[in-house]
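Examination of the molecular architecture
These are the residues of each chain, in order.
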Amino acid sequence: MKLVAPLSAFGRDDLAQAGGKGANLGELVKNGFPVPGGFVVTTRAYELVARGQATREHFERVEPPGELRRAIADAYAALGGGPVAVRSSATAEDLPGAAFAGQQDTYLNVVGEQALLDAVRRCWGSLWTERAIAYRARLAIDDAEVRIAVVVQRMVEADLAGVMFTANPVTGDRGQFVVDASSGLGEAVVSGLVTPDHYVIHSSGRTDFTPGRREVVIRGRAGGGVVHESAGPEPERLPDAALAELTRLGGEVAAHFGRPQDIEWAYAGGRVHLLQARPMTALPPPPPGRLNPIQRRLATILLEYLPVRPYPIDMSTWVPHGPAGLMTRVLESFGVHRAFDGFLREEDGVVYELRPPTPRPTVRMTAAPFRVAAKARRYDPARWTDDTRFRDYLAAVADLAGRDLAAMPWATLLTVPRQALALVRPVADLRVDYLPPTGLALLRLLVTVRLLGRGELFADLLHGVRTRTTDANLELARLAGLAERTGALDADPMPAEFAAELAAFLDEYGHRETASPILVTPPTWGDSPETVLGLIRALAGGPPAHKEGGDALERLLRHPLLRSKARRARVTRWVAAARAGVAFREDSHFYFTMPQPILRRSIVEVGRRLRDAGVLDRPEDVFHLRLEELEAIDDVATLPAAEARRLREVVRARAARREELSGVRLIDPAAVFPARETGDALVAGTPAGGGTATGPVKVIREPAEFGRLAGGDVLVCPYTNPSWTPLFQRAAAVVVDTGGAASHAAIVAREYGIPAVMGTADGTTVLTDGQIVTVNGDTGTVTGAVTVPDTVTGAVAGAP
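Residues numbered from 1 in each chain as written. Predicted model: local features only at pLDDT ≥ 70, side-chain atom pairs only at ≥ 80, totals over all residues. Heavy atoms only, no water.

1. A few points about the overall build of the protein chain
Note the cut-off: By definition, any uninterrupted DSSP run of H or I lasting at least four residues is a helix, any uninterrupted run of E lasting at least two residues is a strand, and each is numbered from the N terminus. Three labels apply to residues, based on accessible area from a 1.4 Å probe with only protein chains included: buried if under 20% of the type maximum, exposed if over 50%, partly exposed otherwise in between. Note that His is not counted, nor are the chain ends; the positive residues are Lys and Arg, and the negative ones are Asp and Glu. Charged side chains are reduced to one point each, which is NZ for Lys, CZ for Arg, CG for Asp and CD for Glu.
Within the protein chain, the secondary structure is distributed over 29 helices and 26 strands. Taken along its principal axes, the extent of the C-alpha atoms in the protein chain is 105 × 65 × 60 Å. When the 800 residues of the protein chain are sorted by exposure, 54% land in the buried category. With 91 positive and 95 negative side-chain charges, the protein chain shows a separation of 7 Å between the mean positions of the two kinds.

Written out as structure tokens, the structure is:
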């Protein structure tokens, strides 16, 4: 490798020699794009000067050896001398997931050989600023593996300059280009010193223009360096022809690299120059377009199930085999295909986009009513736990759960994830058989109450069903009482009585998910007992803040058409059958997730052994790998060093990409929950629970915050699942960013008689802790409350 070489000597595969910026620019030069001439001081030169010293101070003091000085001077002379731009080009920058924008130094309008050498040394040193070191640490990039090159280019004294995105960085629309432009050098735009002219160029050819203010203009100063000037009274605008040429070039660059690009450009002397190109980072997925009702309904469910981004191990285990896979099998058995096909799209090995699926009915659907009727005659949801398949399933789960993972040989351990996944198939078969009679029982009851003119009683008739979820909630309430009597929550260690009861609770209910039923990576209650203690703490503060509903069945049976004993008995049986169906739906989910912690523990044990072998830094880093990638490791003890390095790099790259996307949603919630007319409401959503309640807001974003909820608070959260429902015993009302009227949170809120508003999309961002609001579960609105009398706070009005 040479110490110094022209840009044209490099291409996209020369990252190790030219760094990210240099490799990308070299690729552009090779393909004829208008890039200013220049050269690269390669990573070999950096290593020659570094001599094992990794501090900024070292590079500020060190003198490059004569051979290197001559090589830089010769390359500078070949450019014709004069002003140049000197830019850092680290080997870890301008990559998907790691842009390193602004992390290393750039020097503009550098004039003279000595000034150039000084700028090169400062660029080397900028690799070791606190800012750059912290950025690499956040992306889990090993300092020892990073090198830096320096790109030197002929300076373009720009009339106008700025940045172009070949996709809309805010909406993710790939059919739009976004250009920011201002007078002088582009540094003013890049560093945020100006409000630039803003262009949005649509694929139709339309351009939206917003003029900037051009608070300052940066220009090169004679003799080197830059000056900040005021803009003239009539600043120049980018000519239409230049804008057209810029977007044409941007489209070609994006096509060449195969992904949207972030491009720095300059316009001088009637010509457009490309100064940098790198992949866009933190780019939202493309807008999904107009969703049909089925897509919107499925997206509502999936958003609630995906509060966190799935890992690769999720995508290769529990996502296809867990609840989503189960529902796919159920629907396929009745002639509906592709119910959840491809609903999560991956990019660079990381889940990038939630794409609402479009189920496809087939000709088999015509026979579905007959299959449903046949199953309804054969299978009774009230007796599903007597099914031998269920008893065999429980025995198989207990057997696999009892095995000692730590004592298993590597080859045996690698078989456990597949064994855990195979356990769920019998429960899928049970759902295929018992859901049809459940659906028919609910439909029959709904038709009955509507014909009787009592449709408003339907939800209340389903209240009071005993399920494993209600069992868990009652046990938590009992533990809360025990905690208050024994002072367990403030004692260290806990009293033996409480500790024993908590352990027994976790033995029975510890497989419950904390975040999502369709992901394996979030911990369960058993993995995270502090989550359970948070629930107990929330419940230990006093009596429930809600009122239970009355007896809906008695009110229904008082109907004039149900005076005869036979009719009353028939309707009572129908209500019981519907309730049994609801219990089956809830309890089959409870049991279905029992293999989930076994699967998780086996994966973490694999990760622990890979950590001990030096492949991973933490056991949980294994989540960045797919199951088939783990199964390809014959023996961790004899893993070749080259393969270990490759796996480490895969994990690092996926972790960096995941970190980059940490603030990017899988789908725009506005596409799933269209904006509603809110009037004077703070937020609005789907009405999901009757009555109104007033109280202070408490935003709970994750299970770790459960203990913050106090009695009478309005619970505001991004999602819910069965693990959240114990909080409903204390909340005055619930407001959720996701979900709909049939979601678990809505059903349980109605069970407890508290108002619920679902699918607000932005409740957790608009509402703040302590804010006094009134939640109306009938209209789906949350409004500000001016005053809160003691007799109103936390009370529910309009409940039966």
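2. What to know about the packing of helix 20 (residues 496-509) against helix 21 (residues 529-539)
Packed helix pairs are specified by the crossing angle of their axes together with the interaxial distance, meaning the distance between the axes. Just so we agree on the cut-off: In this analysis an axis means a line fitted to C-alpha atoms, helices contributing only their contacting stretch, and an angle means the value between N-to-C directions, from 0 to 180 degrees. Each angle is binned into one of four classes, with values under 35 degrees roughly parallel, values over 145 roughly antiparallel, values of 65 to 115 roughly perpendicular, and all other values oblique. Each crossing gets its hand from how the near helix is turned against the far one by less than a right angle, where anticlockwise is left-handed and clockwise is right-handed. Contacts: residue pairs with any heavy atoms within 4.5 Å of one another.
The contact between helix 20 and helix 21 brings their axes to 12 Å, and the two run at 115°. Between helix 20 and helix 21, the crossing angle belongs to the class labelled roughly perpendicular. Both helix 20 and helix 21 take part in a crossing whose hand is right-handed. Residues F498, L502, F505 and L506 of helix 20 form the contact with helix 21, whose participating residues are P529, V532, L533 and I536.

3. Quick look at the nonpolar core
We apply this condition: By nonpolar core is meant a set of buried Ala, Val, Leu, Ile, Met, Phe, Trp, Tyr and Cys residues that side-chain atoms within 4.5 Å join together.
I536, L610, L715, L727 and F728 are the most contacted members of the largest nonpolar core, which totals 95 residues. Residues within four places of L610 in sequence aside, it is in contact with W410, V615, L616, V622, L630, I633 and V636. With 37 residues, the next largest nonpolar core counts V4, Y46, V84 and A92 among its residues.

4. Things to note about the packing of aromatic side chains
Our working rule: The pairing test for Phe, Tyr and Trp rings, Trp by its six-membered ring, is centres within 6.5 Å, and the orientation test on the planes gives stacked under 30 degrees, edge-to-face over 60, and tilted for anything in between.
Evaluation of the coordinates by the stated rule reveals 18 aromatic pairs. When the centroid spacing of 4.9 Å and the interplanar angle of 45° are considered together, the rings of Y199 and F209 count as tilted. Of this pair, Y199 sits in strand 8 (residues 197-202) while F209 sits in strand 9 (residues 207-210), and the two are 10 residues apart along the sequence. Plain terms: the ring middles of F590 and Y591 are 5.1 Å apart, the flat faces sit at 90° to each other, and that makes the pair edge-to-face.

5. Things to note about the pattern of salt bridges
Which entries qualify depends on this criterion: Salt bridges, as used here, are contacts in which a Lys or Arg side-chain nitrogen is within 4 Å of a carboxyl oxygen on Asp or Glu.
Taken as a whole, this structure holds 53 salt bridges when the rule is applied. Its salt-bridge partner being R383, residue D380 comes within 3.2 Å of it at the nearest N-O pair. One salt bridge connects R389 with D387, and the closest N-O pair in it is separated by 3.0 Å. R389 sits in the partly exposed class, given a relative accessible area of 26%. Residue D387 is classed as buried on the basis of its relative accessible area, which comes to 11%. In the salt-bridge network here, residues are joined through shared partners; they are R259, R345, E347, D348, E353, R355, R657 and E660.

6. With respect to a positive patch on the surface
Defined as follows: Nonpolar side chains (Val, Leu, Ile, Met, Phe, Trp, Tyr) within 5 Å and like charges within 9 Å form the patches, drawn only from residues with over 30% relative accessible area and no salt bridge. Computed by Shrake-Rupley with a 1.4 Å probe, the accessible areas treat only the displayed protein chains as cover when residues are assessed.
A surface patch of like charges, here positive, comprises R444, R567, R570 and R573. For the positive patch, the leading source of residues is helix 23 (residues 565-592), giving 3 residues. For R570, the position within the fold is in helix 23.

7. Considerations on a nonpolar patch on the surface
A contiguous nonpolar patch, built from L440, L443, V447 and L451 and spanning about 380 Å² of accessible area, is present on the exposed surface. Examined against the element boundaries, L451 turns out to sit in helix 17 (residues 425-451). The class of L451 is exposed, set by a relative accessible area of 71%.

8. Comments concerning the sheet that holds strand 1 (residues 4-6)
This is how it is decided: Here, strands pair whenever DSSP counts at least two bridges between them.
Read across the open sheet, the 5 strands follow the order 1-2-5-3-4; overall the sheet is antiparallel. Each edge of the sheet is formed by a strand with only one pairing partner; in this case those strands are strand 1 and strand 4 (106-110). Each strand of the sheet is rotated relative to its neighbour by a mean of 20°, with strand direction disregarded. Pairing analysis gives 3 bridges linking strand 3 (residues 84-90) to strand 4, with the strands arranged antiparallel. Bridging across to strand 4, V86 finds its partner in Y107.

9. Some points on the sheet that holds strand 13 (residues 271-279)
In a beta sheet, neighbouring strands are held together by backbone hydrogen bonds and run either parallel or antiparallel to one another. The strand order across the open sheet formed by 6 strands is 9-8-7-6-12-13, and the pairing between neighbours is antiparallel. Strands at the two margins of the open sheet, each flanked by one partner only, are strand 9 and strand 13. Going from strand to strand, the sheet's axes swing by 20° on average, the running direction of each strand aside. Both strand 8 and strand 9 contribute to a ladder of 4 bridges, which runs antiparallel. Considered in strand 9, the bridge of H198 is made with T210.

10. A closer look at the pairing of strand 15 (residues 344-347)
Regular strands place side chains that alternate from one sheet face to the opposite one. As paired strands, strand 15 and strand 16 (residues 350-354) are joined by 4 bridges and run antiparallel to one another. Residue pairing across strands places L344 opposite L354, the latter belonging to strand 16. Connecting strand 15 to the next strand, strand 16, in antiparallel fashion are 2 residues, including D348 with a positive phi near 55°.

11. Re the packing of helix 16 (residues 416-423) against helix 24 (residues 595-612)
Between helix 16 and helix 24, whose axes approach to 9 Å, the crossing angle comes to 170°. In terms of their interaxial angle, helix 16 and helix 24 are classed as roughly antiparallel. Judged by residue contacts, V416, P417, A420, L421 and L423 of helix 16 engage P595, I598, L599 and S602 from helix 24.

12. Focus on the environment of I133
Within the secondary structure, I133 is located in helix 6 (residues 130-138). Along the sequence, I133 and R355 sit 222 residues apart, while their C-alpha atoms lie 36 Å from each other. Ignoring anything within four residues of it in the chain, the contact list for I133 reads L127, W128 and D143.

13. Re the side chain of N721
Where we set the bar: Each polar contact in these results corresponds to two N or O atoms within 3.5 Å; when the atoms are within protein, one needs to be able to donate a hydrogen and the other to accept it, and residues that are neighboring in sequence are counted only if both atoms are side-chain atoms.
Tracing the sequence through the fold places N721 in the loop between strand 21 (714-717) and strand 22 (733-736). Overall, N721 belongs to the buried group, its relative accessible area being 2%. Within the structure, N721 has its side chain in polar contact with the backbone nitrogen of S723 (distance 2.8 Å). The residues contacting N721, other than those within four sequence positions of it, are E513, T514, A515, S516 and H744.

14. Comments concerning the pairing of strand 22
To keep it simple, the criterion reads: Assignment of crossover handedness uses the view with strands pointing away from the viewer, where a clockwise path from the first strand over the helix to the second indicates a right-handed crossover.
Residues A733 and V735 line one face of strand 22 and the alternating positions V734 and V736 line the opposite face, and both faces are buried. Alignment of strand 21 against strand 22, held across 4 bridges, turns out to be parallel. Note on strand 22: the bridge partner recorded for L715 is V734. Sheet topology places strand 22 next to strand 23 (residues 756-758); 2 bridges connect them, and they run parallel. The partner of V734 across the bridge, within strand 23, is A756. On the question of chirality, the crossover connecting strand 22 to the parallel strand 23 by way of helix 28 (residues 744-752) is right-handed.

15. Remarks on the environment of Y434
Take Y434: it is sitting in helix 17. When its relative accessible area of 5% is taken as the criterion, Y434 is described as buried. For the pair formed by Y434 and D380, sequence separation is 54 residues and the distance between their alpha carbons is 6.9 Å. The residues contacting Y434, other than those within four sequence positions of it, are Y379, D380, P381, W384, D387, R389 and F584.

16. Some details on helix 2 (residues 43-50)
Cut-off, in case you're wondering: To be clear, the arc concerns the directions from the helix axis to the C-beta atoms.
Among the residues of helix 2, those classed as buried are T43, A45, Y46, V49 and A50. What you see down the axis of helix 2 is that its buried residues fit within an arc of 155°, all on one side. As for helix 2, its buried residues are in contact with helix 1 (15-30), strand 2 (38-41), helix 3 (56-61), helix 4 (66-78), helix 5 (113-125) and strand 5 (148-154). Of the residues trailing helix 2, R51 is marked for its positive phi of about 50°.

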